[in-house]
Amino acid sequence: MASPNIEAIQACYAGFRDRDIEGILSGMHPDVEWVHPEGMAKYGLGGTKLGHAGIKEFLARVPTVLGGMRLAPKEFIEQGDRVVVFGTREVTSLSGRTVTLDFVHSWTMRDGRATRMEDIFDTVAFHELIES
(Lines give C-alpha, C1' and ligand atoms only; values in the text may rest on other atoms or scores of the structure.)
Protein backbone atom coordinates (compact mmCIF):
# COMPACT_ATOMS: atom_id res chain seq x y z
CA MET A 1 0.00 0.00 0.00
CA ALA A 2 1.40 3.38 -1.02
CA SER A 3 1.82 6.24 1.43
CA PRO A 4 -0.27 9.44 1.07
CA ASN A 5 2.80 11.23 -0.36
CA ILE A 6 3.36 8.56 -3.01
CA GLU A 7 -0.35 8.49 -3.83
CA ALA A 8 -0.30 12.27 -4.39
CA ILE A 9 2.70 11.98 -6.70
CA GLN A 10 1.16 9.05 -8.57
CA ALA A 11 -1.90 11.26 -9.19
CA CYS A 12 0.44 13.82 -10.80
CA TYR A 13 1.92 11.14 -13.08
CA ALA A 14 -1.61 9.98 -13.97
CA GLY A 15 -2.32 13.58 -14.99
CA PHE A 16 0.72 13.51 -17.29
CA ARG A 17 -0.44 10.18 -18.74
CA ASP A 18 -3.96 11.52 -19.34
CA ARG A 19 -2.77 14.96 -20.52
CA ASP A 20 -4.85 16.48 -17.72
CA ILE A 21 -3.25 19.64 -16.35
CA GLU A 22 -5.56 19.78 -13.33
CA GLY A 23 -4.63 16.15 -12.60
CA ILE A 24 -0.94 17.06 -12.79
CA LEU A 25 -1.49 19.93 -10.36
CA SER A 26 -3.72 17.92 -7.99
CA GLY A 27 -0.81 16.72 -5.88
CA MET A 28 1.04 20.04 -5.83
CA HIS A 29 0.94 22.87 -3.36
CA PRO A 30 -0.19 26.18 -4.93
CA ASP A 31 3.30 27.64 -4.26
CA VAL A 32 5.20 24.62 -5.64
CA GLU A 33 8.70 25.08 -7.08
CA TRP A 34 9.08 23.24 -10.41
CA VAL A 35 12.82 22.91 -11.15
CA HIS A 36 14.46 21.84 -14.40
CA PRO A 37 18.16 21.88 -15.30
CA GLU A 38 19.50 25.29 -16.29
CA GLY A 39 20.95 23.53 -19.34
CA MET A 40 17.45 23.54 -20.83
CA ALA A 41 17.14 27.36 -20.73
CA LYS A 42 18.13 27.51 -24.41
CA TYR A 43 14.70 26.02 -25.20
CA GLY A 44 12.75 27.96 -22.59
CA LEU A 45 12.52 24.88 -20.39
CA GLY A 46 15.26 25.49 -17.79
CA GLY A 47 15.20 26.97 -14.34
CA THR A 48 12.61 27.22 -11.61
CA LYS A 49 8.94 27.85 -12.31
CA LEU A 50 6.77 28.96 -9.39
CA GLY A 51 3.25 27.90 -8.53
CA HIS A 52 0.54 26.37 -10.65
CA ALA A 53 0.72 29.29 -13.09
CA GLY A 54 4.44 28.69 -13.65
CA ILE A 55 3.84 24.99 -14.30
CA LYS A 56 1.05 25.78 -16.76
CA GLU A 57 3.36 28.18 -18.64
CA PHE A 58 6.09 25.53 -18.70
CA LEU A 59 3.69 22.86 -19.99
CA ALA A 60 2.41 25.22 -22.69
CA ARG A 61 6.02 25.75 -23.85
CA VAL A 62 6.87 22.03 -24.16
CA PRO A 63 4.90 21.39 -27.42
CA THR A 64 6.80 24.22 -29.14
CA VAL A 65 10.03 22.26 -28.56
CA LEU A 66 8.97 18.60 -28.52
CA GLY A 67 6.57 16.45 -30.51
CA GLY A 68 5.55 14.42 -27.49
CA MET A 69 6.56 12.82 -24.23
CA ARG A 70 5.40 9.92 -22.06
CA LEU A 71 6.63 9.42 -18.51
CA ALA A 72 7.09 5.95 -17.04
CA PRO A 73 7.85 6.16 -13.32
CA LYS A 74 9.40 2.86 -12.22
CA GLU A 75 10.51 3.14 -8.58
CA PHE A 76 9.37 5.34 -5.70
CA ILE A 77 11.62 5.76 -2.66
CA GLU A 78 10.30 7.72 0.32
CA GLN A 79 12.31 9.09 3.22
CA GLY A 80 10.72 11.64 5.52
CA ASP A 81 9.26 14.47 3.43
CA ARG A 82 11.17 13.42 0.29
CA VAL A 83 10.09 11.04 -2.46
CA VAL A 84 12.56 10.17 -5.20
CA VAL A 85 11.22 8.62 -8.39
CA PHE A 86 13.36 6.78 -10.92
CA GLY A 87 11.89 6.29 -14.35
CA THR A 88 12.12 6.72 -18.08
CA ARG A 89 10.51 9.07 -20.52
CA GLU A 90 9.80 8.38 -24.14
CA VAL A 91 10.46 11.67 -25.90
CA THR A 92 9.65 12.53 -29.52
CA SER A 93 11.28 15.41 -31.35
CA LEU A 94 9.36 17.76 -33.61
CA SER A 95 10.92 15.86 -36.54
CA GLY A 96 9.41 12.59 -35.29
CA ARG A 97 12.50 10.89 -33.79
CA THR A 98 11.74 9.08 -30.50
CA VAL A 99 14.20 8.06 -27.79
CA THR A 100 13.86 6.75 -24.25
CA LEU A 101 15.72 8.74 -21.61
CA ASP A 102 16.18 8.12 -17.89
CA PHE A 103 15.00 10.60 -15.27
CA VAL A 104 15.13 11.11 -11.53
CA HIS A 105 12.43 13.26 -9.95
CA SER A 106 13.01 14.53 -6.44
CA TRP A 107 9.76 15.57 -4.75
CA THR A 108 9.59 17.46 -1.46
CA MET A 109 6.26 17.06 0.27
CA ARG A 110 4.32 18.94 2.94
CA ASP A 111 0.90 17.92 4.21
CA GLY A 112 0.42 15.47 1.33
CA ARG A 113 1.26 17.92 -1.47
CA ALA A 114 4.44 18.63 -3.38
CA THR A 115 6.18 21.87 -2.51
CA ARG A 116 9.12 21.19 -4.86
CA MET A 117 9.79 18.92 -7.82
CA GLU A 118 13.25 18.74 -9.32
CA ASP A 119 13.68 16.97 -12.67
CA ILE A 120 17.17 15.48 -13.10
CA PHE A 121 18.20 14.14 -16.51
CA ASP A 122 20.87 14.10 -19.21
CA THR A 123 20.51 17.50 -20.88
CA VAL A 124 23.06 16.63 -23.59
CA ALA A 125 20.88 13.74 -24.81
CA PHE A 126 17.84 15.99 -24.66
CA HIS A 127 19.57 18.69 -26.73
CA GLU A 128 20.58 16.09 -29.34
CA LEU A 129 16.98 14.91 -29.62
CA ILE A 130 15.48 18.40 -29.83
CA GLU A 131 17.96 19.38 -32.53
CA SER A 132 17.51 16.16 -34.56
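Given the structure is predicted, the values throughout are model-derived calculations rather than measurements.

What follows is about unusual backbone geometry. Residue R19 is not a glycine yet carries a positive backbone phi of 55°. Here R19 lies in the loop between α1 (4-18) and α2 (21-25). The backbone of D111 sits at a positive phi, close to 55°, despite the residue not being glycine. Along the chain, D111 falls in the loop between β5 (98-110) and β6 (113-120).

All right, on to the UniProt feature "domain: SnoaL-like" (unreviewed entry) in the protein chain then. UniProt records the feature "domain: SnoaL-like" (unreviewed entry) for residues 10-117 in the present numbering. For residues 10-117, the end-to-end C-alpha separation is 13 Å, with 23% helix and 53% strand making up the annotated structure.

Another aspect to go through is the pattern of salt bridges. Under the definition given, this model contains six salt bridges. With a closest N to O distance of 2.9 Å, R17 and D18 form a salt bridge. R89 serves as the salt-bridge partner of D119, at 2.6 Å between the closest nitrogen and oxygen. In this pair, D119 is assigned in strand β6 and R89 in strand β4 (residues 82-93), connecting sequence segments 30 residues apart. D119 gets classed as buried once you look at its relative accessible area, which sits at 4%. By relative accessible area, which is 3% here, R89 ends up buried.

Each value, and the rule that gives it
- Residues numbered from 1 in each chain as written.
- Predicted model: local features only at pLDDT ≥ 70, side-chain atom pairs only at ≥ 80, totals over all residues.
- Heavy atoms only, no water.
- Helix = DSSP H or I, 4+ residues; strand = E, 2+ residues; numbered from the N terminus.
- UniProt positions renumbered as here; feature names shortened; annotations may be inferred.
- Salt bridge = Lys/Arg side-chain N within 4 Å of Asp/Glu carboxyl O.
- Buried < 20%, exposed > 50% of the residue type's maximum accessible area, 1.4 Å probe, protein only.

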